[in-house]
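# Coordinate inspection notes
What follows is the residue order along each chain.
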Amino acid sequence: MVFVKLFHVFPIVFLFIICISKISKASRAEFVTCGTMLKIMNTDLRLRLHSHDVKYGSGSGQQSITAVDVSDDHNSHWLVRPAMGETCKRGSPIKCNTNIRLQHVATKKNLHSHYFSSPLSGNQEVSAYGDDGGEGDSGDNWTVVCNNDYWRRDSPVKLRHIDTAAYLAGSGRTFGSPISGQGEIVGVTSQYVAYTDWQAMEGLFVHPSDLLPHQAAIHTEL
């Protein structure tokens, strides 16, 4: 009864609070945030960034990075972390031109690049690197390049390697045994060539840590 009386007295206030609540929840779901665990898809090739405990047989000999066309492979999960030597607040949206690391969830190694040639196309090799605690070196740092204020889940971004200025890309070539059918992932010198756009897909998108426990994350199919 009291609620009904208050609503009649302050109808605009109640409607305003409800609208703000809905807008706030929607806006939190729009962005990739620090601490998000997600899959990332190359929008041209329709392949998800992938890794596994298989090393390159040439180049650096480090853990290989590939791309796969299935959406339910657990080896395609990546954790969004701050760049080496930097910090970010858990749940804060990633701004465009922010430096980050992407840690492979299953093996704890970071998306990495360096001046080695990739095995199939001869572009720049992209590998996974780091110790058992997920710590590597500056070659693990990437810049999120996008045209919005933040890394939006519904918009493609580019990932530029800080040490070498190469852009993460697919080469359009596929491996044979022991990773038959998986796509080669490389670094390229220009963002304007094909296969350099990446979009957030399935994942667990973390909200700011000051929310209530039941609001801590939005889950989509992993």
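In case you missed it, the structure is sitting above this.
Here goes a summary of the coordinates provided. (Residues numbered from 1 in each chain as written. Predicted model: local features only at pLDDT ≥ 70, side-chain atom pairs only at ≥ 80, totals over all residues. Heavy atoms only, no water.)

### Some words on the state of the cysteines
Short version of the rule: Any cysteine sulfur atom paired with another within 2.5 Å is treated as part of a disulfide. Strands are runs of DSSP state E lasting at least 2 residues, helices are runs of H or I lasting at least 4, and numbering of each runs from the N terminus. Three labels apply to residues, based on accessible area from a 1.4 Å probe with only protein chains included: buried if under 20% of the type maximum, exposed if over 50%, partly exposed otherwise in between.
Within this structure, the stated rule accounts for two disulfides. Across a sulfur-sulfur distance of 1.8 Å, Cys34 and Cys88 are joined as a disulfide pair. In this structure the cystine formed by Cys34 and Cys88 twists about its S-S bond by roughly 50 degrees; its chirality is therefore right-handed. In this pair, Cys34 is assigned in the loop between α2 (11–28) and β1 (37–42) and Cys88 in the loop between β4 (78–82) and β5 (99–104), connecting sequence segments 54 residues apart. What makes Cys88 partly exposed here is its relative accessible area of 30%. What pairs with Cys96 in a disulfide is Cys146, and their sulfur atoms sit 1.9 Å apart. The S-S bond linking Cys96 to Cys146 shows a torsion near -120 degrees; that makes this disulfide left-handed. Residue Cys96 is found in the loop between β4 and β5, and its partner Cys146 is found in the loop between β8 (142–145) and β9 (158–161); the two are separated by 50 residues along the sequence. Judged by its relative accessible area of 12%, Cys96 falls in the buried class. Of the residues examined, Cys146 reaches a relative accessible area of 12% and is grouped as buried. The cystine pairing of the protein chain, numbering bonded cysteines in sequence order, is 1-2, 3-4.

### Topic: the pairing of β5
Quick reminder of the rule: The pairing criterion for strands is at least two bridges between them, as found by DSSP.
The buried fraction of β5 is high, at five of six residues. By the bridge criterion, five bridges tie β4 to β5 in an arrangement that is antiparallel. Its bridge partner lying in β5, Arg81 is registered against Arg101. Strand direction decides the pairing type here: β5 and β8, joined by two bridges, are antiparallel. By the bridge assignment, Ile100 is partnered in β8 with Trp142.

### Looking at the packing of aromatic side chains
Selection rule: Centres within 6.5 Å are what make two rings of Phe, Tyr or Trp a pair, Trp counting through its six-membered ring; a difference in plane orientation under 30 degrees is then read as stacked, over 60 as edge-to-face, and the rest as tilted. In this scheme, the term charge over a ring applies when either NZ of a lysine or CZ of an arginine sits within 6 Å of the ring centre and within 35 degrees of the ring normal.
Tallied over the full model, the rule gives one aromatic pair. The cationic tip of Arg153 hangs over the ring face of Phe205; the distance from NZ or CZ to the ring centre is 3.7 Å.

### Thoughts on unusual backbone geometry
The amide bond that connects Ser177 to the next residue, Pro178, takes the cis arrangement and shows omega of 10 degrees. Not every positive phi belongs to a glycine, and Asn97 is a case in point at roughly 70 degrees. Topologically, Asn97 is positioned in the loop between β4 and β5. Residue Asn97 is classed as exposed on the basis of its relative accessible area of 53%. Even without being glycine, Tyr195 reaches a positive phi, approximately 70 degrees. Looking at the secondary structure, you find Tyr195 in the loop between β11 (183–188) and β12 (198–206). The class of Tyr195 is partly exposed, set by a relative accessible area of 29%.

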